[in-house]
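# Structural features, examined
Here is what each chain is made of, one letter per residue.
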Amino acid sequence: MPDDIRRDYDEASTILDQSPRGAAALIRLAIQKLCKELGQPGKNINDDIGALVRGGLDPRVQQALDAVRVIGNSAVHPGQIDLRDDRATAETLFKLLNLIVDKTISEPKHVAEVYASLP
């Protein structure tokens, strides 16, 4: 996970018990930053997801991103907090962010490392 995104993730983890809404907002911000890391403008999560899908994004990652978009749809923009967010919502967002990072960053990196080590 890129350092900037990891900082948001860690902060969200730290405040989860005290403020699930704050944690959920930080995870949404991290996901929007991740879209930017994956080559998108990072300004509108819906547009970013659409562009990633058109670019051949794994359908499972698309579903995870769509789930993030739908969960608290009114709060998908960084800096906005959805008053309906609770601990379960925040925990789901954590899981989805981990899955998205694994599929878009970690797995390709591991495959590239193995491939590079071949004779």
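Now for a look at the structure at hand. (Residues numbered from 1 in each chain as written. Predicted model: local features only at pLDDT ≥ 70, side-chain atom pairs only at ≥ 80, totals over all residues. Heavy atoms only, no water.)

## What about the pattern of salt bridges?
Side chains bearing opposite charge may pair, as long as their charged atoms lie close to each other. One pass over the structure, following the stated rule, counts 8 salt bridges. Across the pair Asp10 and Arg6 runs a salt bridge, and its minimum N-O distance is 3.2 Å. With Asp10 and Arg6 both in helix H1 (residues 3-15), this residue pair falls 4 residues apart, about one helical turn. Where Arg87 meets Glu91, a salt bridge forms, and the shortest distance between an N and an O atom there is 2.8 Å. Remark: Glu91 and Arg87 occur in helix H5 (residues 87-116); sequence separation between them is 4 residues, near one turn of the helix. We classify Arg87 as partly exposed; its relative accessible area is 36%. One network of salt bridges, with partners in common, ties together Asp4, Arg7, Asp8 and Lys33. (Salt bridge = Lys/Arg side-chain N within 4 Å of Asp/Glu carboxyl O. Helix = DSSP H or I, 4+ residues; strand = E, 2+ residues; numbered from the N terminus. Buried < 20%, exposed > 50% of the residue type's maximum accessible area, 1.4 Å probe, protein only.)

## With respect to the packing of helix H2 (residues 20-37) against H5
In contact at an axis separation of 8 Å, H2 and H5 are set at 20° when each is read in the N-to-C sense. Between H2 and H5, the angle falls in the class roughly parallel. As H2 packs across H5, the resulting crossing turns out to be left-handed. Along the contact surface, H2 presents Pro20, Ala23, Ala24, Ile27, Arg28, Ala30, Ile31 and Leu34, while H5 presents Arg87, Thr89, Ala90, Leu93, Phe94, Leu97, Ile100, Val101 and Ile105. For the contact of H2 with H5, the residue count by class is 14 nonpolar, 1 polar and 2 charged. (Axes fitted to C-alpha atoms, helices over the stretch in contact; angles between N-to-C directions. Parallel < 35°, antiparallel > 145°, perpendicular 65-115°, else oblique. Left-handed = near helix turned anticlockwise from the far one by under 90°. Contact = heavy atoms within 4.5 Å. Nonpolar A, V, L, I, M, F, W, Y, C, P; charged D, E, K, R; others polar.)

## Structural notes on the side chain of Asp48
By secondary structure assignment, the location of Asp48 is in helix H3 (residues 45-54). Despite its burial, Asp48 remains without a salt bridge, the nearest opposite charge being carried by Arg54 at 8.3 Å. (Lys, Arg positive; Asp, Glu negative; His and termini not counted.)

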